[in-house]
Amino acid sequence: MSKPRARDLGLPFPGTPGPINAITDVPGVRVGFTTLTDPAKRMRTGVTAVVPRPDKDRPRPVWAGFHAFNGNGEMTGVHWVNDAGYFLGPILITNTHGIGACHHGAVEWMIRTYEAHFREDDAWAMPIVAETYDGTLNDINALHVKPEHAIAALDGATSGVVAEGSVGGGNGMIAYEFKAGTGTSSRRVDIGGETYTVAALVQANFGIRPWFTVLGVPVGEEMPERRMRETETGSIVVILATDAPLSDALLRNLAKRAALGIGRSGTAGGNSSGDIFLAFSVADDMVDSVYAGPVITRRSLNWDMLDPLYQAAVEAVDESVINAIVQGEDVATVKPEGKVCAGIDTEALKAVMAKYGRLKPPAGG
């Protein structure tokens, strides 16, 4: 059973979340996981799948923008995102050595899912696959992740509540020296009389304890026990989704705001950290350019009106990171063996937040 999320603990995050407070608040977005845990095999890893739209037979462009705040990591397919402003198909997140297996699995899944596209056209698959390193808690060199695990995560992707913490690709991840992994959050904003949703999903595996802050409170300084390392060695992947119509330039700007979102919890963006972000929009649905004719007409919000959306993205990323951390439980390390990565003590966290006057009182209290 999952532990309480950050808001359930009384942490007063700003902004208005969607009904689920997850990336699946964006219409059509689905999330799936394959979680691989076997202590006898020193296995704690997996695959997270994000399917942006429920396309069948033929994929449709998903407008997107990419940003690498610190590039010590990998996200496939983003050269085309930078050039064309869109991608076709799903997004997968796994461990560093699982990139190839997940890419293989995603291609196989795409050929099956978009059967007419690959049968009738000169089509190629270029899925988005991203990674963070889980070698402290998982025998990453054993190559536990296989193509069939990526396919299973994609086949199992659903709308609704999204699991957090040690699930999917987040299974072996650590943030601010606490057990962390997958986290998500959403925000609703009004622009020009319309309500839009922007939401984040993160695979959090970054930061050192002294940096760690929650809503401005120096939690890392107040909770220094059971540290694991002296220098930053992790990464974070952020996926931002929205139903706001945005150009690829504005989606790139939205992706950049993820850096401010992860900075709210204290990271300085360590040299060893891959801080890699992708933003996409499900709005302005249209067919692939092959079928679109000589002129393509798209819609986009006015860039002078986007500050509320940018602020919402920063808030959603920050809350997603904390949601990933508060789900953590103690996990034994495999490199080096014999140590334990601590899950955060949420009661101690609440006490620290209350000490600084940053804990929301319980309802009716």
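Things to note about the packing of aromatic side chains
- Counted under the stated rule, the structure contains 7 aromatic pairs.
- Taking 6.0 Å as the distance between ring centres and 80 degrees as the angle between the ring planes, the aromatic pair formed by Trp109 and Tyr114 counts as edge-to-face.
- Residue Tyr114 is classed as buried on the basis of its relative accessible area, which comes to 2%.
- A connected cluster of aromatic rings, assembled from ring pairs, spans Tyr176, Phe178, Phe206 and Phe212.
- Looking at Arg257, its charged tip hangs above the ring of Tyr310, at a distance of 3.9 Å from the centre.

Thoughts on unusual backbone geometry
- Residue Pro336 is bonded to the preceding Lys335 through a cis peptide linkage, with omega at -5 degrees.
- Relative to the helices and strands, Pro336 is located in the loop between strand S13 (331-334) and strand S14 (337-341).
- A positive phi angle, near 75 degrees, is found at Asp57, a position not held by glycine.
- The residue Tyr176 is not glycine, and still its phi comes out positive at about 55 degrees.
- Structurally, Tyr176 is set in the loop between strand S7 (174-175) and strand S8 (178-179).

Things to note about the sheet that holds strand S5 (residues 91-95)
- The 4 strands are arranged S1-S2-S5-S6 in an open sheet whose pairing can be described as mixed. Looking at which strands have only one partner, the edges of the open sheet turn out to be strand S1 (30-38) and strand S6 (128-132). The average angle at which neighbouring strand axes cross in this sheet is 15 degrees, direction not considered.
- As defined by bridge partners, strand S2 (residues 43-51) adjoins S5 across 3 bridges and the pair is classed as antiparallel. The partner of Ala49 across the bridge, within S5, is Leu92.

Overview of the environment of Gly266
- By secondary structure assignment, the location of Gly266 is in the loop between helix H6 (248-263) and strand S12 (274-281).
- Residue classification places Gly266 among the partly exposed residues on the basis of a relative accessible area of 22%.
- Along the sequence, Gly266 and Ala130 sit 136 residues apart, while their C-alpha atoms lie 23 Å from each other.
- Setting aside residues no more than four positions away along its own chain, Gly266 makes contact with Tyr176, Trp211 and Thr213.

Structural notes on the nonpolar core
- Grouped together as the largest cluster of nonpolar side chains are 57 residues, with contacts concentrated most on Leu11, Leu240, Leu254 and Leu349.
- Considering every element that reaches this core, the biggest residue donor is helix H7 (residues 307-326), with 11 residues.
- Within the second largest apolar cluster, 27 residues are counted, among which are Val31, Val78, Ile128 and Ala241.

Details of the side chain of Thr94
- Along the chain, the position of Thr94 falls in strand S5.
- For Thr94, a relative accessible area of 0% translates into the label buried.
- Once residues lying within four places of it in the same chain are set aside, the contact partners of Thr94 are Gly46, Val47, Ile99, Cys102, Val129, Ala130, Glu131, Thr132, Val145, Gly169, Met173 and Gln203.

Things to note about the sheet that holds strand S9 (residues 181-191)
- Read from one edge to the other, the open sheet built from 6 strands follows the order S4-S3-S12-S11-S10-S9, with strand pairing classed as mixed. At either end of the open sheet lies a strand with only one pairing partner, and these are strand S4 (86-87) and S9.
- As defined by bridge partners, S9 adjoins strand S10 (residues 194-205) across 11 bridges and the pair is classed as antiparallel. What sits directly across from Gly181, in S10, is Ala204.
- Across the sheet, H6 is in contact with strand S3 (62-71), S10, strand S11 (235-242) and S12; its angle to S3 comes to roughly 40 degrees.
- Lying on the sheet, H7 is in contact with S9, S10 and S11; it crosses S9 at an angle near 155 degrees.

Here we look at the pattern of salt bridges
- Using the criterion set out here, one finds 21 salt bridges in the structure.
- The partner of Arg112 in a salt bridge is Asp155, and the shortest N-O contact between them spans 2.3 Å. Here the residue Arg112 occupies a position in helix H2 (residues 99-113), and Asp155 occupies one in helix H4 (residues 147-155), the gap between them amounting to 43 residues.
- Classification of Arg112 by relative accessible area gives partly exposed; the value is 47%.
- Measuring nitrogen to oxygen at the nearest pair gives 2.2 Å for the salt bridge that ties Arg119 to Glu115. On the criterion of helical spacing, the pair formed by Arg119 and Glu115 is a turn pair, its members being 4 residues apart in helix H3 (residues 115-120).
- According to the relative accessible area criterion, Glu115 is partly exposed, its value standing at 37%.
- Where salt bridges share partners, they join Arg58, Glu115, Arg119, Glu120 and Asp121 into one cluster.

Calculation criteria
- Residues numbered from 1 in each chain as written.
- Predicted model: local features only at pLDDT ≥ 70, side-chain atom pairs only at ≥ 80, totals over all residues.
- Heavy atoms only, no water.
- Phe/Tyr/Trp six-rings, centres within 6.5 Å; stacked < 30°, edge-to-face > 60°.
- Buried < 20%, exposed > 50% of the residue type's maximum accessible area, 1.4 Å probe, protein only.
- Lys NZ or Arg CZ within 6 Å of the ring centre and 35° of its normal.
- Helix = DSSP H or I, 4+ residues; strand = E, 2+ residues; numbered from the N terminus.
- Pairing = 2+ DSSP bridges.
- Axes fitted to C-alpha atoms, helices over the stretch in contact; angles between N-to-C directions.
- Contact = heavy atoms within 4.5 Å.
- Core = buried A, V, L, I, M, F, W, Y, C linked by side-chain atoms within 4.5 Å.
- Salt bridge = Lys/Arg side-chain N within 4 Å of Asp/Glu carboxyl O.

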